[in-house]
Amino acid sequence: MVVSKREKASYYLFLLPAYLVFTVFIFYPMLRSIYLSLCKYSMSSIQNAAFVGLKNYANLFKNNIFWKVLKNTAIYTLFTVPLTIAAGLFLALLINNRLVKRKTAYKVIYYVPYVSSMVACAIVFKLLFDSGTNGIINQILMKLGLQPVGFLSSNFWAMAVVILLSVWKSLGYVMIIYLGGLMGIPTEIYEAVSLDSISPWQKLRYITLPLLKPTTQFLFITQIISSFQVFTPVNVMTSGGPGYATTTLVSMLYEAGFKDGNMGKASAIAVIIFVVLTVLTMIQNKLGEED
């Protein structure tokens, strides 16, 4: 099929609005951030950005707080992503079972938290896990004769609560994606293996999970990207505390850029996040191709 120049021009004309939106709102800001990361620039002054090279990056890498924040983000990601994917797959397998009735009701119940406001969910969790005696969980513990726990004032428990909120919030999304993957598996495959004496665990391990591999790879990539961008639950529930126990890279970026006005430092953090996510995505894709 030969496409005329006029038809090609019409194709590009239809794509032009999307290209313009991408250029204005994504490509240009990204290039601007890279440039500002090499400059000394404060939002509180009227001076132009002064080029300082890699000084912003050097200052970050020499800052112990930055490494603490990077560790927090890595810990959050390492726990949140596998737990969310495993729990979402488990729920999807349960709901997809032919013995389960009212599947739509279960889908809605688990999906509602995902479409709910993160701010509202964080406030609810803050009320539940308040460190004082007014916290709902602590009131239950005291009714049981146990001592109240400083959930949001403890380094360990504060991060655990943030992880719990994130897993609960994203569970419905992962479940729905996995349900779509399960519905895409041909029933003929299961009918063929039903002729052999194969256990449900073997069916899951050797048939279902391998066929869900593209779905799992997609979820891993998107959930890792989402985890490295976590901000709202930390900001609402703990404000990065106690100390820097729950401060993440995006929280540090927000503090540097919008509270301290140091856009050079904030842009450097943004570029580091971009590089880390790009490398992790490339590694994930490479591992997927090898398998």
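Remember, it's a predicted structure, so these values are computed and weren't measured experimentally.

Peer 1: Can you break down the side chain of T80 residue by residue, with the values?
Peer 2: If you trace the backbone, T80 turns up in helix α3 (residues 64-96). T80 sits in the buried class, given a relative accessible area of 3%. The contact partners of T80, leaving out residues within four places of it in the chain, are I163, S166, V167 and S227.

Peer 1: Any details on the nonpolar core? Residues and values, ideally.
Peer 2: The tendency in soluble globular proteins is for nonpolar side chains to be buried side by side. In terms of nonpolar packing, the biggest core is built from 34 residues, with L60, Y178, L249, I269 and I273 touching the most fellow members. Elements with a contribution of two residues or more to this core: α2 (55-61), α3, α7 (155-183), α10 (213-228), α12 (249-259) and α13 (263-290). Looking at this core element by element, the count peaks at eight residues for α3. In this view, L60 contacts F66, W67, M252, K265, A268, I269 and I272; residues no more than four positions away in its chain are not counted. Counting residues in hydrophobic clusters, the runner-up holds 18 residues, among them F125, F151, V161 and V167.

Peer 1: Can you explain the environment of S45? Please cite residues and give values.
Peer 2: Examined against the element boundaries, S45 turns out to sit in the loop between β1 (39-40) and β2 (50-51). Take S45: its relative accessible area is 28%, and that puts it in the partly exposed class. For the pair S45 and G261, spaced 216 residues apart in sequence, the C-alpha separation works out to 8.9 Å.

Thresholds, definitions, all that
Residues numbered from 1 in each chain as written. Predicted model: local features only at pLDDT ≥ 70, side-chain atom pairs only at ≥ 80, totals over all residues. Heavy atoms only, no water. Helix = DSSP H or I, 4+ residues; strand = E, 2+ residues; numbered from the N terminus. Buried < 20%, exposed > 50% of the residue type's maximum accessible area, 1.4 Å probe, protein only. Contact = heavy atoms within 4.5 Å. Core = buried A, V, L, I, M, F, W, Y, C linked by side-chain atoms within 4.5 Å.

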